[in-house]
Amino acid sequence: VTGVQTCALPISGIGYKALNTMRTQLSADAGIGGVIEKDTNVDSRSSGSLTFSEKLVHQLTETTTLKQSATSLLKMNAFDDGLYTFQAGIAAKISARLQLSFDVLDTFKNKPIAVTIKRNDVALVTSIVAKY
């Protein structure tokens, strides 16, 4: 069992909304900051980092939303050591304050901190979101 932890330190950056309508929002951003990576029985490693992300949300119907996002975190001392995530999903309103969501989350770490750790992980995330 491993306890890998990757912690992004405060990041400063810039973002841009390429599309911002009532039905569709598309945005991208880039930033610079730091990252600390730690695993059980392994010393922590830190570096500066570059981050890039994009996010798309589209209101398919009055009750259904499609969503997609991709992010990358690159270490400045080793650009080939990146953490990448991709997420796609659909959300549907159950009531005025409740929403049911299904998402596929794919996480890829190009150079894991230990050889016993898999580079890729795919998860199906289901959630009920309450809005107040």
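All values reported here derive from a predicted model rather than from experimental measurement. Residue positions within a chain follow its written sequence, with the count starting from 1. Local features in this predicted model are restricted to residues of pLDDT 70 or higher, and side-chain atom pairs are both shown and tallied only at a pLDDT of 80 or more, whereas totals for entire chains, interfaces and linings draw on every residue. The side-chain figures draw on all heavy atoms in the structure; neither hydrogens nor water molecules are used.

**Points about the side chain of Ser-72**
- Strands are runs of DSSP state E lasting at least two residues, helices are runs of H or I lasting at least four, and both sets are numbered from the N terminus onward. Position of Ser-72 relative to the elements: it lies in strand β5 (residues 64-75).
- When accessible area is computed with a 1.4 Å probe and restricted to protein chains, residues below 20% of their type maximum are described as buried, those above 50% as exposed, and intermediate ones as partly exposed. Among the residues examined, Ser-72 registers a relative accessible area of 14% and is labelled buried.

**Re the environment of Arg-97**
- Within the secondary structure, Arg-97 is located in the loop between β6 (78-93) and β7 (98-109).
- Of the residues examined, Arg-97 reaches a relative accessible area of 51% and is grouped as exposed.
- Taking the C-alpha atoms as reference, Arg-97 lies 5.6 Å from Ala-130; in sequence the two are 33 residues apart.
- A contact between two residues is defined here by any heavy atoms of the two lying within 4.5 Å. Apart from residues no more than four positions distant in its own chain, Arg-97 is found in contact with Val-129, Ala-130, Lys-131 and Tyr-132.

**Considerations on the pattern of salt bridges**
- Any Lys or Arg side-chain nitrogen found within 4 Å of a carboxyl oxygen on Asp or Glu counts as a salt bridge. Per the counting criterion, the structure on display carries four salt bridges.
- The residue Lys-109 makes a salt bridge to Asp-81 at a minimum N-O spacing of 2.5 Å. You can see Lys-109 sitting in strand β7 and its partner Asp-81 sitting in strand β6, a full 28 residues away along the chain.

**What to know about the environment of Lys-17**
- Note that Lys-17 resides in strand β2 (residues 12-20).
- Separated by 18 residues in sequence, Lys-17 and Val-35 have C-alpha atoms that sit 26 Å apart.
- Residues in contact with Lys-17, not counting those within four places in the same chain, are Leu-26 and Ser-27.

In short, geometric facts, not functional conclusions.
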